[in-house]
Amino acid sequence: MSSETIDKTEISRRSFLSLAALWSAVLPAIALLGGIFRMVKPDVHYEESIRFRIGTAENFPVGTMKKLDDKKVFIFSTDNGLHAISSICTHLGCIVNITEWGFQCPCHGSRYNQNGKVIAGPAPRSLSWHEISQDIDGSLVVDASREVPAGTVLKLKA
Amino acid sequence: MNGLKNSGIGRFTSNIIGLRDSFLKSFLREGKPTTDLSRTAVMANNFFLHVQGAKVHINTLRPGYTLGLGLISLYLLLITVVTGILLMIYYNPSIENAYNTVKDVNYVVFTGRLLRNMHKWGGEGMIISVILHMARVFYTNSYKKGREFNWIIGVALLILTFGINLSGYMLPWDQLSYWALVIVANIIQSPKEVTDVLGITKLFDIGTFSKELFLGGLNAGKEALTRVYLLHIMLLPLILFIFLGVHFWRIRKDGGLTKPEGFEIKDSDTRYISGQERKAEVFPANKTYGLMELVKAKTPAVNRDIENNVLSWPNLILAETAVFFFTLAVVMVYSFYINAPLRELANPLIPENPAKAPWYFLGLQELLSYSAFMGGVGLPGLALLGLALIPYLDREQQQIGVWFSGKRGKYIALESLVVGSVVLIGLLAIVIKYGWLRTWWPDIPQLFIILINPGNIWVGFMIIWSLFVIKRTDSTRMGAIALFTMFLLSYVILTYVGTELRGPNWAFYWSKSQWPLH
Ligand code: HEM
Ligand code: FES
């Protein structure tokens, strides 16, 4: 190998050291910024749990609907069983109202049919159906973090 | 006697007698501004004044040129800072106390309501004055010759003004605050609309992530108020003041405000020039030839047009003081009669119907009612990018400092105003009367609505129209005038529709009096 090719492929000691020094300053700086950014993302949430108990099945006679205001969910009890539909509009998060034909959002006019399917307005998605399950002691549990396909109902053991 | 005067006590007494003069002298190093030299010195030596030149061009003093709008924005800012600090004495940023403390300010605290009103109207007035100031700069073609970057700083200032107002709106924690906060948080989350369509939300939920950073949780609650408060009183004002410093510094470095090339003094200009100058014959009856007329070259000496400068003290300072008192008076009188709203305490269970953002965002909210992502992120982002790029896309150097760059520009602005109004109002009428894609095909995929909605169509039209103007007039400046005029027009029209014509369920009503009663 001639000395010229060595020059081309190998970094001189001087520039290696300066590059190393440069990067040992830049990398921690990036890590520092990343840390500050990460610090902003909360690790503690003071919110109510989004998995909650709603009592036993007696509270929900067949053929009724209950609106649980503070949980932002509608609980429907039909012949088939129970299902929970979120009352949070998928557009910008307003609370929808129930009507004869389904749900109406007061903010930008989104409409949903009785299954929560969007039929008009800007909402990008249908209202979500939350998972309902029954605990060992018979109490019903809604998990708002788990979405189930529309039409899924919880059959109650008689 | 003589002995006493030279004694320690004697000198002490004369120091006391001479206190006023010696203090003044220490403050004004060159003595009172009575001669041209000391008037120059005042401007150069005072910390607050020295960002301005010792001399100012007569064009800058003409009220019809700047319309005082930048100054008005600054003074409104100062008014909100002073009143804001006073409000902070009572305000407590916690969801338990915020509403009650604002209520106290409103109904109990001595002069509290006036201060709160001044803070509110001063802040919102800034939105108007800053937008008008931008329009002045634009239409007088003043974003060129080294000022390109300052225009970008200005766009940042505009965004900050909106941001500070919006964050302030959430602080009273009443129904207006709460639902505006919910809507804003969901706008921040709206990239989810796109990731949903692409089916990658599970892997990369940037929308929810940003929302969580903003709210400090998944719902609008106490962490959110803490963050919004921090933004409102610390972070955004701090950044605003830094940018403002750069803004003023650059004006100075760019050689003051723009002025037309063939500037001619008019008789009426004497109205803005103080007496001393007139006596010193700045405008002699027989004008003698200046250097300008003799040397025909592009040297700094030629550009300097020394002739048309006058001393900043007192000419500029007087004008600035006058604008300050005018601004203060308007804000005080308005705040005396018109109260800032305060609704019931925030209730997460019952949205206001209609739930509206503050008025200056209702134009956006109208766009939001077509698609959350396009209305909240896509189109505003595009508009701001377009605004920032104006000085780089139009680089024509003629007719700087001339309103509308002359007759043709006036015509183009007027034409765009008329054409734009017709097209936009027509488009809105179709949307209001017949609905949009989903009303016709309820099963249409969301992707089509994100891509084809009235907002996108309008922005597309603005762009095509401006290109057409460029082609027709062979001038990028004319294209810029067309685009900017339509931008202002859409802000006004959409804001009007969102504010006045939208009622419960965001349905159309000719006026508030037709809203159904609950
Ligand atoms: C830079 C310009 C500023 C603007 C445009 C602005 C705007 C606003 C707005 C629109 C509100 C809502 C008022 C309401 O709805 O009642 C508000 C509230 C408030 N601002 Fe500012 N503000 C500014 C600067 C400041 C500064 C510098 C401070 C403190 C140092 C401050 C402290 C407060 C406080 C404590 C409140 C809550 C009191 C209330 O809501 O009545 N603001 N501001
Ligand atoms: S939040 Fe429901 S339509 Fe906008």
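Residues numbered from 1 in each chain as written. Chains lettered and ligands numbered in written order. Predicted model: local features only at pLDDT ≥ 70, side-chain atom pairs only at ≥ 80, totals over all residues.

Colleague: What's the story with the overall build of chain A in this structure? I'm lost.
Modeller: What chain A contains, in helices and strands, is two helices and 10 strands. Reading chain A from its N terminus to its C terminus gives the helix and strand order α-α-β-β-β-β-β-β-β-β-β-β. Principal axes of the C-alpha set define a box for chain A whose edges measure 90 × 40 × 35 Å. When the 158 residues of chain A are sorted by exposure, 26% land in the buried category. (Helix = DSSP H or I, 4+ residues; strand = E, 2+ residues; numbered from the N terminus. Buried ≥ 20, exposed ≤ 12 C-beta atoms within 10 Å, placed from the backbone.)

Colleague: Help me understand the overall build of chain B, please; the structure alone is not making it clear to me.
Modeller: Check the secondary structure of chain B and you find 25 helices and two strands. Taken along its principal axes, the extent of the C-alpha atoms in chain B is 100 × 65 × 50 Å. Expressed as a percentage of its 518 residues, the buried residues of chain B come to 38%. Here the contacts in chain B between residues at least 6 apart in sequence split such that 74% fall between residues at least 24 apart. (Contact = placed C-beta atoms within 7 Å.)

Colleague: Got a minute to help me understand the environment of B:Arg227 in this structure?
Modeller: Residue and element names in this part refer to chain B. With respect to the helices, strands and loops of the structure, Arg 227 is situated in helix H14 (residues 222–253). When the C-alpha atoms of Arg 227 and Pro 348 are compared, they prove to be 18 Å apart, with 121 residues separating the residues in sequence. In this structure, Arg 227 is in contact with Phe 214 and Gly 216, ignoring residues within four places of it in sequence.

Colleague: Please clarify how the site of ligand 1 should be interpreted in this entry.
Modeller: All names here are of chain B. Near ligand 1 there are 27 residues, and of these Thr 80, Gly 84, Gly 123, Gly 168 and Leu 171 occur at the shortest range. Residue assignment for the shell around ligand 1 shows that the elements contributing at least two residues are helix H7 (69–88), helix H8 (98–107), helix H9 (112–139), helix H10 (148–169) and H14. Here the element with the most residues in the shell around ligand 1 is H7; it accounts for seven residues. Within the shell around ligand 1, the residues separate by chemical class into 17 nonpolar, seven polar and three charged. (Near = placed C-beta within 6 Å. Nonpolar A, V, L, I, M, F, W, Y, C, P; charged D, E, K, R; others polar.)

Colleague: So what exactly am I meant to see when it comes to the sheet that holds strand E1 (residues 51–53) of chain A here?
Modeller: Adjacent strands of a sheet form backbone hydrogen bonds with each other and so pair up, either parallel or antiparallel. All names here are of chain A. Spatial strand order, E1-E10-E9-E4-E3-E2: six strands in an open sheet with antiparallel pairing. Pairing within the sheet leaves two strands with one partner each, and these edge strands are E1 and strand E2 (64–68). Between one strand and the next, the sheet's axes are offset by a mean angle of 25°, whatever the strand orientation. Where strand E3 (residues 73–77) meets strand E4 (residues 82–86), five bridges bridge the pair, whose relative direction is antiparallel. Considered in E4, the bridge of Ser 77 is made with Leu 82. (Pairing = 2+ DSSP bridges. Axes fitted to C-alpha atoms, helices over the stretch in contact; angles between N-to-C directions.)

Colleague: Would you take a moment to explain the confidence of the model for chain A for this structure?
Modeller: Caution is warranted with low-pLDDT regions, since their predicted coordinates should not be read in detail. Looking at chain A, the pLDDT average stands at 84 and 93% of residues meet or exceed 70. Mean pLDDT per element in chain A: helix H1 (residues 3–9) of chain A is the minimum at 56, and helix H2 (residues 13–40) of chain A is the maximum at 93. (pLDDT = per-residue confidence, 0-100.)

Colleague: What is the right way to read the domain arrangement of chain A from this model?
Modeller: The parts lose accessible area when they come together, and the size of an interface is often stated as this lost area. Entries for chain A in the domain assignment read domain 1 (3–40) and domain 2 (51–148). Relative placement of domain 1 of chain A and domain 2 of chain A: their C-alpha centres are 55 Å apart. (Domains from an automatic or database assignment.)

Colleague: Please explain the nonpolar core as it appears in this structure.
Modeller: The nonpolar side chains of a soluble globular protein tend to be buried with one another. By size, the foremost hydrophobic cluster in this structure holds 124 residues, and its most contacted members are B:Ala180, B:Leu181 and B:Ile183. When residues no more than four places from it in sequence are discounted, the contact partners of B:Leu181 are B:Met170, B:Ala220 and B:Ala224. (Core = buried A, V, L, I, M, F, W, Y, C linked by C-beta atoms within 7 Å.)

Colleague: What is the right way to read the interface of chain A and chain B from this model?
Modeller: Contacts between the two partners involve 23 residues from chain A and, on the opposite side, 33 residues from chain B. In terms of residue class, the side of chain A that touches chain B is built from 12 nonpolar, six polar and five charged.

Colleague: Where do I start with the sheet that holds strand E7 (residues 111–113) of chain A in this structure?
Modeller: Residues and elements named next belong to chain A. Pairing within the open sheet is antiparallel, and its four strands lie in the order E5-E6-E7-E8. The sheet is open, and its two edges are formed by strand E5 (97–98) and strand E8 (118–120), each paired on a single side. Pairing analysis gives two bridges linking E7 to E8, with the strands arranged antiparallel. By the bridge assignment for E8, Arg 111 is matched with Ala 120.

Colleague: Please clarify how H9(B) should be interpreted in this entry.
Modeller: Structural remark: α-helix, 3.6 residues per turn; residues separated by three or four positions point the same way. In this model, H9(B) (28 residues) spans 40 Å end to end at C-alpha, consistent with the 40 Å of a helix rising 1.5 Å per residue. Positive phi appears at B:Asn141, one or two residues downstream of H9(B), with a value of about 60°. (Expected span 1.5 Å × (residues − 1).)

Colleague: So what exactly am I meant to see when it comes to unusual backbone geometry here?
Modeller: Cis peptide bonds are those with omega within 30 degrees of zero, and the linkage from B:Trp313 to B:Pro314 qualifies with 5°. Relative to the elements of secondary structure, B:Pro314 occurs in helix H18 (residues 312–337). One non-glycine residue, A:Lys72, lies in the positive phi region at around 55°. Locating A:Lys72 in the fold gives a position in the loop between E2 and E3. Judged by local crowding, A:Lys72 falls into the partly exposed class, with 19 C-beta atoms found within 10 Å. Even without being a glycine, B:Trp173 presents a positive backbone phi close to 55°. Considering the arrangement of structural elements, one finds B:Trp173 in the loop between H10 and helix H11 (175–189).

Colleague: Sorry, what's going on with the pairing of E3(A) here?
Modeller: Residue and element names in this part refer to chain A. The element E3 is largely enclosed, with a buried count of four among its five residues. As paired strands, E2 and E3 are joined by five bridges and run antiparallel to one another. Bridge pairing links Thr 64 to Ser 77 in E3. Following E2, the chain reverses through four residues before pairing antiparallel with E3; Lys 72 in that reversal takes a positive phi of roughly 55°. Counting the residues between successive antiparallel strands, the hairpin from E3 to E4 contains four residues, one of them, Gly 81, with a positive phi of roughly 150°.

Colleague: Any chance you could explain the pairing of strand E10 (residues 140–148) of chain A here in plain terms?
Modeller: Side-chain direction in a regular strand flips from residue to residue, so the side chains alternate between the two faces of the sheet. All names here are of chain A. Sheet analysis places E1 next to E10, joined by three bridges and oriented antiparallel. Across the sheet, the residue bridging to Arg 51 is Asp 143, located in E10. Following strand E9 (residues 129–134), the chain reverses through five residues before pairing antiparallel with E10; Gly 138 in that reversal takes a positive phi of roughly 95°.

Colleague: What is the right way to look at H7(B) in this model?
Modeller: Residue and element names in this part refer to chain B. Here H7 spans 28 Å end to end across 20 residues, near enough to the 28 Å set by a 1.5 Å rise per residue. Where H7 is concerned, the buried positions are Gly 70, Ile 72, Ser 73, Leu 74, Tyr 75, Leu 76, Leu 77, Ile 79, Thr 80, Thr 83, Gly 84 and Leu 87. As for H7, its buried residues are in contact with helix H6 (63–66), H8, H9 and H18.

Colleague: Would you mind going over the packing of H7(B) against H9(B) with me for this structure?
Modeller: Residue and element names in this part refer to chain B. Remark: H7 packs on H9, axes separated minimally by 8 Å, with the N-to-C direction vectors making an angle of 160°. With respect to H9, the element H7 is oriented roughly antiparallel. In the packing of H7 onto H9, the handedness of the crossing is left-handed. Per-class residue counts for the contact of H7 with H9 are 12 nonpolar, 11 polar and two charged. (Parallel < 35°, antiparallel > 145°, perpendicular 65-115°, else oblique. Left-handed = near helix turned anticlockwise from the far one by under 90°.)

Colleague: How do you make sense of the domain arrangement of chain B when you look at a structure like this?
Modeller: Residues and elements named next belong to chain B. By domain assignment, chain B separates into domain 1 (40–262 + 289–348) and domain 2 (353–518). Computed over C-alpha atoms only, the centres of domain 1 and domain 2 are separated by 23 Å. Listed by partner, the interface residues are 33 residues for domain 1 and 28 residues for domain 2. Contributing elements (two or more residues each) for the side of domain 1 that touches domain 2: H9, H10, H11 and helix H12 (191–198). Its residues placed into classes, the side of domain 1 that touches domain 2 shows 20 nonpolar, seven polar and six charged.

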